[in-house]
Amino acid sequence: SKDSSSLIFVLILLQSRSFGSQRSSTLSDRKVHAELWPDNKKSDYFRLFNCRSDMAQHGVRKDNTLPNASVEKDRKRRISLSNDLSTAVRTICTSDSLADCETAIRLLANAWLNSHGDPTVETAISKAQVIEAIMDVLSASSDDEILELAISLLAQIVTKQELNAKIIMNFDPQLDIFARLLRDNSLFLKASILLYLVKPKAKQMIAMEWIPLVLR
């Protein structure tokens, strides 16, 4: 059937690709001049998001104990991670600066990658206000790296909890943001996967531009 063919096609994509308004108008008009936190090198987040949790076991002895120095280092790492997460959540939910929100996306992605499945991190990023703020960045940013990180985060939290897909669809009911992402050749496959995961209704694809996008 057509539905089965579509499902097989998307599964092949998932296996073959690396996956591991005042505010909206203000956000769109701001130009990026500087960032508050250090920039990170671009990584294959789609692959890392699904594999990083396996690294949690490295460095742990068979008796599950760590040397005192390692315990202290791990404690400091967790404190730093928690501080960065809190800063990122606060910034992306309250700031009208696109540059600040883009930096917050990097911090959120880094927190997820280094959380090793910590439910505290998942809960913080899965809040409706944070999801909507990430969608805001998707609608305003022109930085492909930031857009990839944002798509990756959304794909992860939708996979963890289907309710998050409804938050995304409520924020973008006519799929205008998705249409924008799908017009970008470098983001097309990742945006397609996210679109598949959120499972929109056909009636939401009412713009004429959806015909060539769906055929593609």
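Residues numbered from 1 in each chain as written. Predicted model: local features only at pLDDT ≥ 70, side-chain atom pairs only at ≥ 80, totals over all residues. Heavy atoms only, no water.

A. View of the packing of aromatic side chains. Within this structure, the stated rule accounts for zero aromatic pairs. The residue whose ring lies beneath K199 is Y196, and the NZ or CZ to ring-centre distance is 5.3 Å. (Phe/Tyr/Trp six-rings, centres within 6.5 Å; stacked < 30°, edge-to-face > 60°. Lys NZ or Arg CZ within 6 Å of the ring centre and 35° of its normal.)

B. Local environment of the environment of M169. Structurally, the position occupied by M169 is in helix 9 (residues 163-171). For the pair M169 and K201, spaced 32 residues apart in the sequence, the C-alpha separation amounts to 9.6 Å. (Helix = DSSP H or I, 4+ residues; strand = E, 2+ residues; numbered from the N terminus.)

C. Geometry of helix 5 (residues 98-113). For helix 5, which comprises 16 residues, the first-to-last C-alpha distance of 23 Å matches the rise-based estimate of 22 Å (1.5 Å per residue) to within 8%. Taking burial as the measure, the 16 residues of helix 5 include 15 buried ones, the bulk of the element. (Expected span 1.5 Å × (residues − 1). Buried < 20%, exposed > 50% of the residue type's maximum accessible area, 1.4 Å probe, protein only.)

D. Spatial organisation of helix 8 (residues 144-160). Relative to the 24 Å expected for 17 residues at 1.5 Å per residue, helix 8 spans 24 Å between its end C-alpha atoms, a close match to the ideal helical length. Summarising burial for helix 8: 14 of the 17 residues are buried, a large majority. Backbone nitrogen of E145 and a side-chain oxygen of the N-cap are separated by 2.9 Å at the start of helix 8; the cap is D143. (Polar contact = N/O pair within 3.5 Å; in protein donor to acceptor, adjacent residues only side chain to side chain.)

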